[in-house]
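# Residue-level structure breakdown
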Amino acid sequence: MHVLLMDRPSPRTARFCDLMRADGHEVTVVPTIERAMGRVRSHPPDLLISVLFPNGNRPGAPTGLSLLLAAQQHNPSMHALLLSEEMLFAHGELFMVLPSLRCVLPAELTAEELHAACVNVVRTIEAHEREAHLPEVCAKCYVRHQCVHAAEGRTCSSPQPEAGQPEAVRVPSGRFGS
(Lines give C-alpha, C1' and ligand atoms only; values in the text may rest on other atoms or scores of the structure.)
Protein backbone atom coordinates (compact mmCIF):
# COMPACT_ATOMS: atom_id res chain seq x y z
CA MET A 1 0.00 0.00 0.00
CA HIS A 2 1.30 3.47 -0.88
CA VAL A 3 1.07 5.82 2.13
CA LEU A 4 1.49 9.58 1.87
CA LEU A 5 2.17 11.38 5.14
CA MET A 6 1.90 15.16 5.11
CA ASP A 7 3.84 16.23 8.18
CA ARG A 8 7.03 17.98 9.11
CA PRO A 9 10.16 15.84 9.56
CA SER A 10 10.61 14.76 13.16
CA PRO A 11 11.76 11.75 15.15
CA ARG A 12 8.09 10.68 15.35
CA THR A 13 7.73 10.87 11.56
CA ALA A 14 10.91 8.85 11.03
CA ARG A 15 9.82 6.19 13.53
CA PHE A 16 6.35 5.97 11.98
CA CYS A 17 7.88 5.49 8.52
CA ASP A 18 10.15 2.74 9.84
CA LEU A 19 7.15 0.93 11.36
CA MET A 20 5.05 1.19 8.19
CA ARG A 21 7.93 0.12 5.93
CA ALA A 22 8.58 -2.86 8.21
CA ASP A 23 4.97 -3.87 7.48
CA GLY A 24 5.73 -3.73 3.74
CA HIS A 25 4.16 -0.37 2.90
CA GLU A 26 5.69 2.31 0.72
CA VAL A 27 5.75 5.60 2.64
CA THR A 28 6.32 9.08 1.23
CA VAL A 29 6.65 12.05 3.58
CA VAL A 30 6.05 15.59 2.38
CA PRO A 31 6.46 18.57 4.72
CA THR A 32 4.09 21.09 3.11
CA ILE A 33 0.58 21.18 1.68
CA GLU A 34 1.92 22.56 -1.60
CA ARG A 35 4.30 19.63 -2.09
CA ALA A 36 1.64 17.18 -0.95
CA MET A 37 -0.81 18.59 -3.52
CA GLY A 38 1.73 17.97 -6.27
CA ARG A 39 2.34 14.46 -4.99
CA VAL A 40 -1.35 13.44 -4.84
CA ARG A 41 -1.77 14.64 -8.41
CA SER A 42 1.26 12.78 -9.77
CA HIS A 43 1.19 9.69 -7.49
CA PRO A 44 -2.18 9.33 -5.74
CA PRO A 45 -1.79 7.42 -2.46
CA ASP A 46 -3.81 4.48 -1.20
CA LEU A 47 -3.69 5.94 2.31
CA LEU A 48 -3.30 9.66 3.05
CA ILE A 49 -2.38 10.91 6.51
CA SER A 50 -2.45 14.65 6.95
CA VAL A 51 -2.41 17.23 9.67
CA LEU A 52 -5.73 19.09 9.47
CA PHE A 53 -4.22 22.55 10.05
CA PRO A 54 -0.53 22.31 9.07
CA ASN A 55 -0.10 26.09 9.04
CA GLY A 56 -2.05 26.75 12.19
CA ASN A 57 -5.72 27.62 12.10
CA ARG A 58 -5.13 30.81 10.09
CA PRO A 59 -7.92 32.08 7.83
CA GLY A 60 -7.12 31.42 4.18
CA ALA A 61 -4.27 28.98 4.91
CA PRO A 62 -4.44 25.68 3.01
CA THR A 63 -5.69 22.79 5.12
CA GLY A 64 -5.56 19.03 5.20
CA LEU A 65 -9.15 19.07 3.92
CA SER A 66 -8.11 20.65 0.63
CA LEU A 67 -5.38 18.02 0.31
CA LEU A 68 -7.84 15.23 1.06
CA LEU A 69 -10.30 16.55 -1.53
CA ALA A 70 -7.59 16.71 -4.19
CA ALA A 71 -6.40 13.21 -3.33
CA GLN A 72 -9.96 11.85 -3.51
CA GLN A 73 -10.34 13.39 -6.94
CA HIS A 74 -7.26 11.55 -8.22
CA ASN A 75 -7.92 8.27 -6.40
CA PRO A 76 -11.57 7.85 -5.33
CA SER A 77 -10.78 4.52 -3.65
CA MET A 78 -8.11 5.92 -1.33
CA HIS A 79 -8.48 6.15 2.44
CA ALA A 80 -7.50 9.01 4.74
CA LEU A 81 -6.70 9.81 8.35
CA LEU A 82 -6.61 13.37 9.62
CA LEU A 83 -4.57 14.53 12.60
CA SER A 84 -6.03 17.46 14.49
CA GLU A 85 -5.50 19.41 17.67
CA GLU A 86 -9.21 20.22 17.57
CA MET A 87 -11.20 17.06 18.20
CA LEU A 88 -14.33 19.02 17.29
CA PHE A 89 -13.58 17.75 13.79
CA ALA A 90 -13.72 14.09 14.85
CA HIS A 91 -17.52 14.05 14.67
CA GLY A 92 -19.81 13.01 11.86
CA GLU A 93 -19.92 16.14 9.72
CA LEU A 94 -16.57 15.54 8.02
CA PHE A 95 -17.38 11.90 7.41
CA MET A 96 -20.55 12.90 5.59
CA VAL A 97 -18.73 14.91 2.94
CA LEU A 98 -15.43 13.01 2.74
CA PRO A 99 -16.09 9.39 1.79
CA SER A 100 -12.40 8.47 2.04
CA LEU A 101 -12.02 9.72 5.62
CA ARG A 102 -11.65 6.84 8.09
CA CYS A 103 -10.84 8.69 11.31
CA VAL A 104 -9.69 11.94 12.87
CA LEU A 105 -6.98 11.41 15.47
CA PRO A 106 -5.29 13.65 18.02
CA ALA A 107 -2.27 15.37 16.45
CA GLU A 108 0.00 14.49 19.38
CA LEU A 109 -0.10 10.70 18.87
CA THR A 110 3.17 8.83 19.20
CA ALA A 111 4.59 7.03 16.17
CA GLU A 112 3.45 3.73 17.63
CA GLU A 113 -0.11 4.98 18.20
CA LEU A 114 -0.33 6.37 14.67
CA HIS A 115 1.05 3.12 13.30
CA ALA A 116 -1.56 1.13 15.27
CA ALA A 117 -4.35 3.32 13.84
CA CYS A 118 -3.02 2.76 10.31
CA VAL A 119 -2.79 -0.99 10.88
CA ASN A 120 -6.47 -1.00 11.93
CA VAL A 121 -7.45 0.93 8.80
CA VAL A 122 -5.39 -1.38 6.55
CA ARG A 123 -6.91 -4.48 8.17
CA THR A 124 -10.39 -3.07 7.66
CA ILE A 125 -9.65 -2.28 4.01
CA GLU A 126 -8.26 -5.77 3.43
CA ALA A 127 -11.20 -7.40 5.22
CA HIS A 128 -13.68 -5.49 3.06
CA GLU A 129 -11.79 -6.46 -0.09
CA ARG A 130 -11.69 -10.13 0.92
CA GLU A 131 -15.35 -10.23 1.88
CA ALA A 132 -16.49 -7.90 -0.91
CA HIS A 133 -18.78 -6.41 1.74
CA LEU A 134 -20.07 -2.93 1.03
CA PRO A 135 -21.53 -0.85 3.86
CA GLU A 136 -25.16 0.10 3.68
CA VAL A 137 -25.70 3.78 3.14
CA CYS A 138 -28.60 6.16 3.03
CA ALA A 139 -30.32 6.16 -0.37
CA LYS A 140 -30.58 9.95 -0.25
CA CYS A 141 -27.24 11.27 0.98
CA TYR A 142 -24.76 8.37 0.94
CA VAL A 143 -23.62 8.91 4.53
CA ARG A 144 -21.37 6.10 5.68
CA HIS A 145 -20.68 5.07 9.23
CA GLN A 146 -17.70 6.98 10.57
CA CYS A 147 -16.18 4.17 12.58
CA VAL A 148 -13.76 1.86 10.77
CA HIS A 149 -14.45 -0.81 13.41
CA ALA A 150 -18.19 -0.92 12.81
CA ALA A 151 -19.50 -4.12 11.30
CA GLU A 152 -22.54 -2.50 9.69
CA GLY A 153 -23.40 0.74 8.00
CA ARG A 154 -26.12 3.12 9.11
CA THR A 155 -28.95 5.10 7.61
CA CYS A 156 -29.02 8.79 8.32
CA SER A 157 -32.05 10.69 9.54
CA SER A 158 -32.78 12.36 6.21
CA PRO A 159 -36.38 12.47 4.95
CA GLN A 160 -37.93 9.14 4.00
CA PRO A 161 -37.28 7.97 0.43
CA GLU A 162 -40.02 8.54 -2.10
CA ALA A 163 -42.49 5.73 -2.72
CA GLY A 164 -40.85 2.84 -4.50
CA GLN A 165 -37.30 3.75 -3.44
CA PRO A 166 -35.39 1.42 -1.11
CA GLU A 167 -34.54 2.51 2.45
CA ALA A 168 -30.84 1.80 1.95
CA VAL A 169 -28.73 0.81 -1.02
CA ARG A 170 -25.35 -0.71 -1.56
CA VAL A 171 -22.97 1.67 -3.29
CA PRO A 172 -20.56 0.25 -5.88
CA SER A 173 -17.01 0.45 -4.52
CA GLY A 174 -15.70 2.60 -7.37
CA ARG A 175 -18.17 5.41 -6.75
CA PHE A 176 -17.88 6.15 -3.06
CA GLY A 177 -15.08 3.89 -1.86
CA SER A 178 -15.35 0.67 0.05
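Before reading on, note that the structure itself is shown above.
Only a predicted model underlies this, so the values are computations on that prediction, with no experimental measurement involved.

### Thoughts on the overall build of the protein chain
The number of helices and strands found in the protein chain is 6 helices and 7 strands. Taken over 178 residues, the protein chain has a buried fraction of 43%. Long-range pairs, those at least 24 residues apart, make up 62% of the contacts in the protein chain between residues at least 6 apart in sequence. Surface accessibility of the protein chain: about 9,400 Å² in total, with carbon and sulfur atoms responsible for 53%.

### Describing a negative patch on the surface
Negative charge collects at one region of the surface, where Glu85, Glu86, Glu108 and Glu113 lie side by side. Here Glu85 lies in the loop between strand E4 (79–84) and helix H4 (92–97). On the accessibility criterion, Glu85 (71% relative accessible area) is exposed.

### Considering the environment of Cys118
Within the secondary structure, Cys118 is located in helix H5 (residues 111–131). Cys118 sits 15 residues away from Cys103 along the chain, and the two C-alpha atoms are 9.9 Å apart.

### Here's the deal with the pairing of strand E1 (residues 2–6)
On a regular strand, each side chain points to the face opposite its neighbour's, so the side chains alternate between the two faces of the sheet. Among the 5 residues of E1, 5 are classified as buried, and the element is accordingly described as predominantly covered. Residues His2, Leu4 and Met6 of E1 are buried on one face, and the alternating residues Val3 and Leu5, pointing to the opposite face, are buried as well. Pairing of E1 with strand E2 (residues 26–30) involves 5 bridges; the strand directions are parallel. From the neighbouring strand, His2 faces E2, where its bridge partner is Glu26. You can see the chain leave E1, run along helix H1 (residues 11–22) and come back into E2, and the turn it takes is right-handed. Two strands pair when backbone bridges link them, and E1 and strand E3 (residues 47–51) are joined in this way by 4 bridges, in the parallel orientation. For Met6, the partnering residue across the bridge sits in E3 and is Ser50.

### Some points on the environment of Cys103
For Cys103, the position within the fold is in strand E5 (residues 101–106). Spatially, the C-alpha atom of Cys103 lies 6.5 Å from that of Leu82, the residues being 21 residues apart in sequence. Excluding residues that lie within four positions of it along the chain, Cys103 makes contacts with Ala80, Leu81, Leu82 and Phe95.

### Topic: helix H2 (residues 33–42)
Those residues of H2 lying buried are Ile33, Ala36, Met37 and Val40. Considered in projection along H2, the buried side chains sweep an arc of 105° and stay on one side of the axis. The exposed residues of H2 that point more than 90 degrees off its buried face are Glu34 and Arg35. Packing partners of the buried residues in H2 comprise E1, E2 and helix H3 (64–74).

### Considering the nonpolar core
Nonpolar side chains in soluble globular proteins tend to end up buried together. With 42 residues, the main nonpolar core has Ile49 and Leu81 as its most contacted residues. Examining the composition of this core, we find that 6 residues originate from one element, H5, more than from any other. Discounting residues that sit within four places of it in the chain, Ile49 has contacts with Val3, Leu4, Leu5, Met6, Phe16, Leu81, Leu83, Leu114 and Cys118.

The rules behind the values
Residues numbered from 1 in each chain as written. Predicted model: local features only at pLDDT ≥ 70, side-chain atom pairs only at ≥ 80, totals over all residues. Heavy atoms only, no water. Helix = DSSP H or I, 4+ residues; strand = E, 2+ residues; numbered from the N terminus. Buried < 20%, exposed > 50% of the residue type's maximum accessible area, 1.4 Å probe, protein only. Contact = heavy atoms within 4.5 Å. Areas by Shrake-Rupley, 256 points an atom, 1.4 Å probe, with all protein chains shown as cover. Patch = residues over 30% accessible without salt bridge, like charges linked within 9 Å, V, L, I, M, F, W, Y side chains within 5 Å. Salt bridge = Lys/Arg side-chain N within 4 Å of Asp/Glu carboxyl O. Lys, Arg positive; Asp, Glu negative; His and termini not counted. Charge placed at Lys NZ, Arg CZ, Asp CG, Glu CD. Pairing = 2+ DSSP bridges. Right-handed = clockwise from strand over helix to strand, strands pointing away. Arc of directions from axis to C-beta. Core = buried A, V, L, I, M, F, W, Y, C linked by side-chain atoms within 4.5 Å.

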